[in-house]
Amino acid sequence: MLILEIAAQGVKGVATAGGRLTFRPGYNVVGVEGPALLRLVEALLWPSERDAEAIPRSAPGPGGGQVRAGVTIVGDDQATYRLVRDFSAGCQLQRFDQEKRAFSLVAQDLPAVAARLQSAVGVPARGRFLALLALAAAELPSRSAPAGLSGVAPAPPPRRALSADQARKRLADLGVELERARRAEKLQYQLDGLQSRLFKLEEALREGGKVREAIEAADAALREQARVSAVAERLGDLEAKLAAQAKAAARRDDALARTAAERERLEAVERGGEPRPFWIEPVFGAGVAAGVLLFAAGVAGALQNSGLRYLALLDIPAFGVSAWVALRRVGQLEERSRGGRRRQVLDERERKVQEQYDRETADVRAALADLSLGSVQELKDALGRYAEARASRARADRQLADWEERAETKDALKDKIRTETDLREVEAALAAEAGAYVRDPRSVEAEIARLEQEAAAPAEETPAPAPRPAPAVEPLRALLERAGAEIGRSAASVARTVQSRAAQLLVALSVQRLAGLQVDDRGNLLAQVGGRTAPARELPPADQDLCFLALRLALLEQAMADGKGVAVVDDAFGGLPEGVRRVAGRVLKHLARAGQLLHATRDPAFRESADHSC
């Protein structure tokens, strides 16, 4: 069983008219009055005819207003149930029909509703809930009346009839008290109305809160990218810098490619080895021999005055071929001699190209180094995320400005300021009016009617009531006996079952001042204080409260570990130090993992541990 929602109207201390409390599985912190929430939960889960008398009303006037409440539950059968109850008219239990997509009536008679809640929904027995799954501050030993030493509470003395003067004086005092109670109740009604109005205004202004949360998230993202912000500011026009970097890289790569090709050619020349002497070249020798022979033939022809003399002209190309071979050899020698100087020129060119590239890309390379990035693409991604964060911040600013410029927003803000001012005034007036204890007007009216009736009738001797037995069991023992009655075990057996866990909780709640909790052979609780063992019932009231809370939490943990259930806790930890309350909050969060725990408190120390707060 899990409670999804509780709606209340006219219930003092729980919710104003139309108020709703939503819950989730786990640890839920609810900013309402604990006793009122516990009474309302009892009236909804275990309905009876007398619930209207126990529910505190928030409407003014002796007749009060209509008191209604409802609860939405997911039962053990995985169906959703809704109980709507008007405490002056009746109630209806409805079940959500998946096929019709609507709630259908299940029962509207109180006994039938109570039976269906326990059989189908999984609501535990009321005694089990109060003994194991509910923790109220009123149960603490320090708030319980101590039993008399004789085991019998002293009977109150018989009330004696007041004299006429005493009755008139008492009636005058009661009249003043009645007026004061009525004013306090009217102020309380105004306070509830203002709180409801403020809640509705805050709901209407929730959009602005979401926008402000978006601004805070964008600011957090920008703070995380502070280094990227500095780099972006230093770079300026990123696109121009990246375009210049790309052009510089292209120029560098082209120059280095040409240099590499020329260097490869020089290396190819060097790999060819030393050129051969031209005089051993066959072409050179053939050219010289051919030239000599042709010249000789020409001379012979001239001497004989024959046509062979023209062969002498052919020795010119023959000798030219040999000269060409010789000149090529000289050229090869010159090229080899220039290779070393050319290599130095190439090295110098590569250095100048690299230096120029470094100068043109210094900003981009510095940005990569500052951000510990390895490539330009990573830099683009980082700057893109930064730009998106800035755009988100700008969008949130525009949304906030648009939201603040709306007429309904301005009206709601002004209305909220007025409502908060009125709320403070009403709270101050209520504190001044009801700073001390102020009774309910109806109880004062009842006492006035009784005094007037006594004044009209002759006084009769009131017999002394017989002495009534006082509780013979101290609160810790009573706690174990109630738990044992529900579990079906003895109080001593229950104490031994939770002894270890209760001892751990007691050490945590007492900040190691109480070293542990033990159970003797008779089932009595013993606490270790200052190195000695003392009966828990003999401890100071504050220490007894700690023992009680440790036992209650241990029993609550055991009860919730058996299966999904709902527990209700009020502000029973209010008297503990802040650090201990925070520890208690973490303990309650741990206990609620197996089910659902509703903690009625306005203490911010518990909201830190809550899975859900409302």
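Keep in mind that this is a model prediction, so the values were computed, not measured.

Engineer: Help me understand the overall build of the protein in this model?
Structural biologist: Across its full length, the protein holds 19 helices and 14 strands. Considering the protein as a whole, with its 614 residues, one finds that 37% of them fall into the buried category. A sequence separation of at least 24 residues applies to 70% of the contacts in the protein between residues at least 6 apart. For the protein, the accessible area works out to roughly 34200 Å², and carbon and sulfur atoms hold 54% of it.

Engineer: Looking at this model, I keep getting lost on the nonpolar core. Mind explaining?
Structural biologist: In globular proteins that are soluble, nonpolar side chains generally tend to be buried together. Core analysis: the biggest nonpolar cluster contains 100 residues, and Ile 6, Leu 40, Leu 551, Leu 553, Phe 573 and Leu 597 have the highest contact counts within it. Here the element with the most residues in this core is helix α17 (residues 541-561); it accounts for 12 residues. With near-sequence residues (within four places) excluded, Leu 553 lies in contact with Leu 135, Leu 505, Leu 509, Phe 573, Val 587, Leu 588 and Leu 591. Of all hydrophobic cores here, the second largest spans 12 residues; its members include Val 228, Val 231, Ala 232 and Leu 379.

Engineer: Teacher, can you tell me more about the sheet that holds strand β14 (residues 612-613) here?
Structural biologist: The strands making up a sheet associate through hydrogen bonds between their backbones, and the pairing can be parallel or antiparallel. The strand order β8-β12-β13-β3-β14 describes an open sheet built from five strands, whose pairing is parallel. One side of each edge strand has no neighbouring strand; the edge strands of this open sheet are β8 (134-135) and β14. As paired strands, β8 and strand β12 (residues 566-569) are joined by two bridges and run parallel to one another. Among the inter-strand pairings, Leu 135 is bridged to a residue of β12, identified as Val 569.

Engineer: It is not clear to me how the pairing of strand β13 (residues 596-600) should be interpreted in this structure. Could you clarify?
Structural biologist: Regular strands place their side chains on alternate faces of the sheet. The element β13 is largely enclosed, with a buried count of five among its five residues. Neither face of β13 is exposed, since Gln 596, Leu 598 and Ala 600 on one face and Leu 597 and His 599 on the opposite face are all buried. As defined by bridge partners, strand β3 (residues 26-30) adjoins β13 across five bridges and the pair is classed as parallel. Within the sheet, the bridge partner assigned to Val 30 lies in β13 and is Ala 600.

Engineer: What is the right way to read the environment of Arg 393 from this model?
Structural biologist: With respect to the secondary-structure elements, Arg 393 resides in helix α12 (residues 376-405). As for Arg 393 and Ala 217, which are separated by 176 residues in sequence, their C-alpha atoms are 8.5 Å apart. Ignoring anything within four residues of it in the chain, the contact list for Arg 393 reads Ile 215, Ala 218, Asp 219 and Leu 222.

Engineer: What is the right way to look at the pattern of salt bridges in this model?
Structural biologist: Proximity of charged atoms lets side chains of opposite charge pair with each other. Tallied over the full model, the rule gives 23 salt bridges. Note that Glu 404 and Arg 212 form a salt bridge whose closest N and O atoms lie 3.7 Å from each other. Of the two residues, Glu 404 sits in helix α12 while Arg 212 sits in helix α6 (residues 206-224), which places them 192 residues apart along the sequence. Accessibility expressed as a relative area gives 32% for Glu 404, which makes it partly exposed. For Asp 603, the salt bridge is made with Arg 581, and the minimal N-O distance between the two is 2.4 Å. Within this pair, whereas Asp 603 is found in the loop between β13 and α19 (604-607), its partner Arg 581 is found in helix α18 (residues 578-591), the two being separated by 22 residues in sequence. Take Arg 581: its relative accessible area is 14%, and that puts it in the buried class.

Engineer: Could you clarify how one ought to interpret the environment of Leu 105 in this entry?
Structural biologist: Relative to the elements of secondary structure, Leu 105 occurs in strand β7 (residues 102-107). The spacing of Leu 105 and Leu 93 is 12 residues in sequence and 6.1 Å in space, taken between C-alpha atoms.

Engineer: Whenever I open this one, the packing of aromatic side chains confuses me. Can you help?
Structural biologist: Aromatic rings considered in pairs are described by the distance between their centres and by the relative angle of their planes. Taken as a whole and judged by the stated rule, the model has two aromatic pairs. Seen from their ring centres, Trp 46 and Phe 129 are 4.8 Å apart, and the 40 degrees between their planes marks the pair as tilted. Here Trp 46 is found in the loop between α1 (34-45) and α2 (51-54), whereas its partner Phe 129 is found in helix α4 (residues 126-133), with 83 residues between them in sequence. Of the two residues examined, Trp 46 and Phe 129, each falls in the buried class.

Procedures and definitions
- Residues numbered from 1 in each chain as written.
- Predicted model: local features only at pLDDT ≥ 70, side-chain atom pairs only at ≥ 80, totals over all residues.
- Heavy atoms only, no water.
- Helix = DSSP H or I, 4+ residues; strand = E, 2+ residues; numbered from the N terminus.
- Buried < 20%, exposed > 50% of the residue type's maximum accessible area, 1.4 Å probe, protein only.
- Contact = heavy atoms within 4.5 Å.
- Areas by Shrake-Rupley, 256 points an atom, 1.4 Å probe, with all protein chains shown as cover.
- Core = buried A, V, L, I, M, F, W, Y, C linked by side-chain atoms within 4.5 Å.
- Pairing = 2+ DSSP bridges.
- Salt bridge = Lys/Arg side-chain N within 4 Å of Asp/Glu carboxyl O.
- Phe/Tyr/Trp six-rings, centres within 6.5 Å; stacked < 30°, edge-to-face > 60°.

So yeah, pure geometry; function would need other evidence.
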